[in-house]
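# Per-entry structural report
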Amino acid sequence: MPKISRREFLRNAATQATAASLLAGAALELRASPLGLPIGCQTWPVREMIAKDFPGTIKQLAEAGFQSIELCSPAGYAEYGFGGLAKYSGAELRRILGDAGVSCVSSHFTIIELRENQAGRIAWARDAGLTQMIVPTLGGPAKPTIEDVKRAADEYNKMGEQSAKAGIQQGLHNEDFELTTVGGKRTYDLLLELLDPKLVKFQFQVSTISRGYDAAEYFTKYPGRFISMHVQGWSAEAKKIMPVGQDSLDWRKIFTAAKTGGIKNYFVEMNLEMMSASVPYLRKLQV
């Protein structure tokens with residue numbers, strides 16, 4: 001081994017320490033997002049922008065710090081600004097997303113479009129590279145009976161079976177019908193009992209805390225039943241939506257419970273300003 005001077009030794013040691021420090025910082029950045037998942041956003045809040053310029057909107061979301069997006073079906077959400085997506089082939093959609101540096105495995109589909117042509121919607125999903133098809137609501141009555149809930153669950157179990165055959169996971173969001181009650185019991189809880197765990201997962205809307213639906217509580221009570229969540233900050237004092245990290249929710253607790261719940265991805269869903277303001281907090285949040 002050749003001899004080196006003390007000065008050279010110290011200089012080399014300093015260089016190695018600096019490199020180690022940079023590597024440690026890079027490793028910290030890699031695990032910066034909670035659960036090690038990409039920071040995602042739902043595209044519903046930017047639907048008007050998407051109607052005008054889909055590639056430009058995706059680029060803007062990427063620049064805001066989002067690494068994944070969740071779409072809305074061009075068939076079921078055509079009147080809301082997503083109809084233009086139908087002009088793109090699956091390969092073109094994937095190229096636009098790839099060029100912007102974002103991924104997309106999930107999209108919302110209305111229960112109506114699945115009733116009318118589930119096979120066609122599955123074909124579009126597969127072409128676009130999706131692995132998750134999420135229904136926002138099963139669309140039952142405002143004041144359901146237990147028979148209404150059972151009928152809705154039976155229909156959706158069958159849809160889940162068809163999707164599973166194509167290698168796609170069906171997931172149920174919680175809006176409207178799901179937030180009703182039957183005989184003093186939450187319809188959402190009944191659906192968790194009636195829907196087949198192998199065929200249907202759930203996507204939790206965190207802002208339903210305003211109605212008493214606690215995300216961490218559900219993730220813990222029903223392990224493995226959830227696939228994703230829509231993330232909104234909520235101020236208990238002001239009773240309004242806030243950027244994540246500027247609110248009163250315990251996000252460390254929510255994301256920790258999400259591991260138990262089975263969460264595979266999450267999507268921030270608020271107006272663009274609040275979504276963008278949520279990114280720095282999510283980057284730093286450690287679970």
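Here we summarise the structure given alongside this text.

What counts, and where the lines are drawn
- Residues numbered from 1 in each chain as written.
- Predicted model: local features only at pLDDT ≥ 70, side-chain atom pairs only at ≥ 80, totals over all residues.
- Heavy atoms only, no water.
- Helix = DSSP H or I, 4+ residues; strand = E, 2+ residues; numbered from the N terminus.
- Buried < 20%, exposed > 50% of the residue type's maximum accessible area, 1.4 Å probe, protein only.
- Contact = heavy atoms within 4.5 Å.
- Areas by Shrake-Rupley, 256 points an atom, 1.4 Å probe, with all protein chains shown as cover.
- Arc of directions from axis to C-beta.
- Polar contact = N/O pair within 3.5 Å; in protein donor to acceptor, adjacent residues only side chain to side chain.
- Pairing = 2+ DSSP bridges.
- Right-handed = clockwise from strand over helix to strand, strands pointing away.

The next subject is the overall build of the protein chain. For the protein chain, the count of helices and strands is 10 helices and 12 strands. Out of the 287 residues in the protein chain, the part that is buried amounts to 49%. At a minimum sequence separation of 6, the contacts of the protein chain that also span at least 24 residues come to 78%. With an accessible surface of roughly 14,100 Å², the protein chain has 53% of that area assigned to carbon and sulfur atoms.

Here we come to helix H3 (residues 54-63). Turning to H3, its buried residues number three or more, namely Phe54, Thr57, Ile58 and Leu61. One face of H3 carries all of its buried residues, which in axial projection span an arc of 100°. Close packing links the buried residues of H3 with strand E1 (40-42), helix H2 (47-52), strand E2 (68-72), helix H4 (90-100) and helix H10 (272-284). A distance of 2.9 Å separates the backbone nitrogen of Gly56 from a side-chain oxygen at the start of H3, and that oxygen is part of Asp53. In the segment just after H3, Gly65 is the residue with positive phi, at about 110°.

This part covers the pairing of strand E8 (residues 200-205). The buried fraction of E8 is high, at six of six residues. Side-chain alternation along E8 places Val200, Phe202 and Phe204 on one buried face and Lys201, Gln203 and Gln205 on a second face that is also buried. When strand E5 (residues 169-172) meets E8, the two strands line up parallel, connected through three bridges. Within the sheet, the bridge partner assigned to Gln170 lies in E8 and is Val200. Judged from the four bridges that link them, E8 and strand E9 (residues 226-231) form a sheet pairing that is parallel. Residue pairing in the sheet places Gln205 in a bridge with His230 of E9. Once the chain exits E8 it traverses helix H8 (residues 215-221) before rejoining the sheet at E9, and the crossover so formed is right-handed.

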